[in-house]
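Coordinate inspection notes
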Amino acid sequence: MNDSNKLLRRTCFNHEARESVAQCQSCSQPFCRECISLIESKMTCTACTSKNHMEDTTKSDNHSMLFLCLIVITGGFVGYFLFFLLASFLINLPDQFHDGSYF
Ligand SMILES: [Zn+2]
Ligand SMILES: [Zn+2]
C-alpha cells in the first residue's frame, strides 16, 4: 500500500521530500531534477549514468586497443605495399631512364 502511494506521488527515488520530474529510462525509477539528467538524449539517473559510464570506458578501452592493432596491421601492410610499389618502380625505371625516352 505504501509502495503504491509512493509511486502515485512520484517522489524522487533518492529524496522522498522532492517531487520527481522524470523517470530514469534505465532503471525506471522516478527522480528529481537534481538526480536525473539528459544523457545522450535519454533521461538517466546519476547511478545509471556512472554505471553506464564505467561500461562505456571499458568498452571504449577494448575498442581503442582493437583499433590500434588494426591501425598497426593496416599501416604495416600499406607501408609494405608502398615500399614494394616503389621498389618495383625503381627497378623498372633505369631501362627507360637510360634509354632517354623517359623525359
Ligand atoms: Zn537509473
Ligand atoms: Zn533526488
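Below, the structure is looked at part by part. Computed from a predicted structure; not experimentally measured.

About the thresholds
Residues numbered from 1 in each chain as written. Chains lettered and ligands numbered in written order. Predicted model: local features only at pLDDT ≥ 70, side-chain atom pairs only at ≥ 80, totals over all residues. Helix = DSSP H or I, 4+ residues; strand = E, 2+ residues; numbered from the N terminus. Buried ≥ 20, exposed ≤ 12 C-beta atoms within 10 Å, placed from the backbone. Pairing = 2+ DSSP bridges. Core = buried A, V, L, I, M, F, W, Y, C linked by C-beta atoms within 7 Å. Contact = placed C-beta atoms within 7 Å.

**A look at the overall build of the chain**
A count of helical and extended segments in the chain gives two helices and four strands. Each helix and strand of the chain, placed in order from N terminus to C terminus, yields the pattern α-β-β-β-β-α. Put simply, the chain has 103 residues, and 10% of those count as buried.

**Looking at the pairing of strand S4 (residues 42-45)**
One face of the sheet, then the other: side chains in a regular strand alternate in exactly this way. Here strand S3 (residues 36-39) runs beside S4; their pairing, made up of four bridges, is antiparallel. The residue of S4 that forms the bridge with Leu 38 is Met 43. Remark: two residues form the turn of the hairpin made by S3 and S4, two consecutive strands paired antiparallel; Glu 40 in that turn has positive phi of roughly 50°.

**Considerations on the nonpolar core**
The nonpolar side chains of a soluble globular protein tend to be buried with one another. Core analysis: the largest hydrophobic core is formed by seven residues, namely Cys 12, Phe 13, Cys 24, Phe 31, Cys 35, Ile 36 and Cys 45. Beyond its immediate sequence surroundings of up to four residues, Cys 12 is in contact with Arg 18, Ser 20, Pro 30, Phe 31, Cys 32 and Cys 35.

**Observations concerning unusual backbone geometry**
Positive phi is not limited to glycine here, since Glu 40 has a value of about 50°. Inspection of the secondary structure puts Glu 40 in the loop between S3 and S4. When the 8 C-beta atoms within 10 Å are taken as the criterion, Glu 40 is described as exposed. Residue Ser 41 is not a glycine yet carries a positive backbone phi of 60°.

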